[in-house]
Amino acid sequence: MTSSTLINPATEEVLRSVEQLDVDAVDDAVARAKVAQKRWAKAAPAERAAGLRAFAAVVDAHVDELAALEVANSGHPIGNAEWEAGHVRDVLQFYSASPERMAGKQIPVAGGLDVTFHEPLGVVGVITPWNFPMTIASWGFAPALAAGNAVVIKPAEWTPLTTIRLGELAVEAGLDPDLFQVLPGRGSVVGERFVTHPDVRKVVFTGSTEVGTRVMAGAAAQVKRVTLELGGKSANIVFDDCDLEKAAATAPYGVFDNAGQDCCARSRILVQRNVFDRFMELLEPAVAGVAVGDPTDRGTEMGPLVSKPHWESVRAYVPDDAPVAFRGSAPQGPGYWFAPTVLTPQRTDRTVTEEIFGPVVAVLPFDDEADAIDLANDSPYGLSGSIWTDNLSRAMRVSRAVEAGNLSVNSHSSVRYNTPFGGFKQSGLGRELGPDAPLHFTETKNVFYAVSEES
Ligand code: NAD
């Protein structure tokens, strides 16, 4: 067994090291999860509901601790990290209502009674990325547990601490330790084993499109179920008839939240040509106003990038001759800091087509509604996006025409635990969250009970 050293991205100080599990440890965990799942599925629905409510209550009592861990491990600003921990509690609370509502159908047929059941899959493997470690974990484990499954979860190598703690809190809440197991390790070892292990019946993968493609191909060998939440290059479309001041004031927060390390980041701002210059005049002070700094400070809106290798990857998109319109600020000294950066590149530039996953945004002019839609859809991705207009008919037309799973009109909101979330095209497959998520962790079984004639 090896271990990995975790670094605080705001200070570059060593936090601690975490053991990386091997294939034998995964196999052992899956074998125990298989047994625990049978017990869990047999428990009364009300008992499973109570278990999830208890888990939510323990998370609620540890919001501050979880938030502090995320600040140290991931560099998230404290206010964001507290929201994230509270969101995990809310997701658990929301899905604690599901076990008692997983009703099937009674279908009228001749000669007997026909009913459907939503049977749990068994053991579900969840693989998470480093950008929102605990929230994304909860989107997988909460509905999977609610539907009667056991969960093994592999956090990203750089950011395992909050997920490890959630595993401990589940046990504290009274859940069977084998029902929800956190297995830190490398993607190529633990993650791959989830894909190849025959007793892992579904893999929920959130991460890059490159690795997600591999997970899907591997899962095909066993016709294994997958949910994929992958990359994005979302458009923020600003029409000339919108509240331009508001669109410009909020645009930085639509892309620089979590230092741009957000699959929903609106990293392409498309602005109608006749208001382009005015929009840029308004955007400059808004970008300068983003408070970048110490994530433990309550006034901070943007922290550092997650790691040195990731900082280098983002840096490579902004060479010395990059078309930089303006930049915000960032601290000097230790930490993986990157100032919010606004580019005005050509449409074909790689900063327009590739996911940078950092605080870099491309602003492009468009001519009319048709041009805006074409430009927004000119991407292999289709996760999120925003549309700014005060024309209701235009809002309706454009929101139906943009090929993306999560759009907001005159705002930048994308994620609510009670509404479905996921991507079109290469941004993913399947949906998380919303009322139907537990059903995606079940198989529909149809049973016909013959009723004999009275003798
Ligand atoms: P990544 O694909 O490098 O890693 C994601 C996870 O997969 C990690 O836990 C990693 O260890 C694991 N992994 C790596 N190789 C594997 C393999 N061969 N088999 C199985 N698992 C393997 O992604 P990342 O760099 O951690 O995260 C950033 C990416 O995640 C971005 O592209 C971002 O858009 C995407 N993302 C998408 C969503 C969404 O909901 N659509 C949300 C957050 C992040």
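Preceding this section is the structure that the text describes.
Rules used in this analysis
Residues numbered from 1 in each chain as written. Predicted model: local features only at pLDDT ≥ 70, side-chain atom pairs only at ≥ 80, totals over all residues. Heavy atoms only, no water. Pairing = 2+ DSSP bridges. Helix = DSSP H or I, 4+ residues; strand = E, 2+ residues; numbered from the N terminus. Expected span 1.5 Å × (residues − 1). Bend = angle between axes of the 7 residues up to and from the residue. Buried < 20%, exposed > 50% of the residue type's maximum accessible area, 1.4 Å probe, protein only. Salt bridge = Lys/Arg side-chain N within 4 Å of Asp/Glu carboxyl O. Contact = heavy atoms within 4.5 Å.

S.K.: Please clarify how the sheet that holds strand 3 (residues 106-107) should be interpreted in this entry.
M.R.: To summarise the sheet geometry, strands pair through backbone hydrogen bonds and adopt either a parallel or an antiparallel arrangement. An order of 3-4-20 is seen for the three strands of this open sheet, with the pairing classed as antiparallel. Two strands lie at the open edges of the sheet, namely strand 3 and strand 20 (442-450), each paired on one side alone.

S.K.: What should I look at first to understand helix 5 (residues 133-146) in this one?
M.R.: Residue pairs spaced three or four apart in an α-helix point in one direction, given the helix's 3.6 residues per turn. Under the 1.5 Å per step criterion, the end-to-end length of helix 5 is 20 Å for 14 residues, consistent within 8% with the ideal 20 Å. Along helix 5, the helix axis deviates most sharply at W139, where the bend reaches about 25°; the proline P143 sits within four residues downstream. Where burial is concerned, most of helix 5 is hidden: 14 out of the 14 residues are buried. Note on helix 5: the residue one or two positions beyond its end, G148, has a positive phi of about 100°.

S.K.: Please clarify how the pattern of salt bridges should be interpreted in this entry.
M.R.: Opposite charge on two side chains makes pairing possible when the charged atoms of those side chains draw close. This structure, assessed with the given rule, holds 24 salt bridges. In this structure, E443 and R225 form a salt bridge, with 2.9 Å as the shortest nitrogen-oxygen distance. A residue pair is termed long-range when its members are at least 10 positions apart, and E443 in strand 20 and R225 in strand 9 (residues 225-229) qualify at 218 residues. Taken together, the salt bridges that share partners define one network made up of D241, E369, R394 and R397.

S.K.: Can you help me understand helix 9 (residues 244-255) in this one?
M.R.: Counted at 1.5 Å a residue, the expected span for helix 9 with its twelve residues is 16 Å, and the 17 Å between its end C-alpha atoms agrees. Here the buried face of helix 9 lies against strand 10 (235-238), strand 11 (268-272), helix 10 (276-288), strand 14 (360-366) and strand 16 (384-388).

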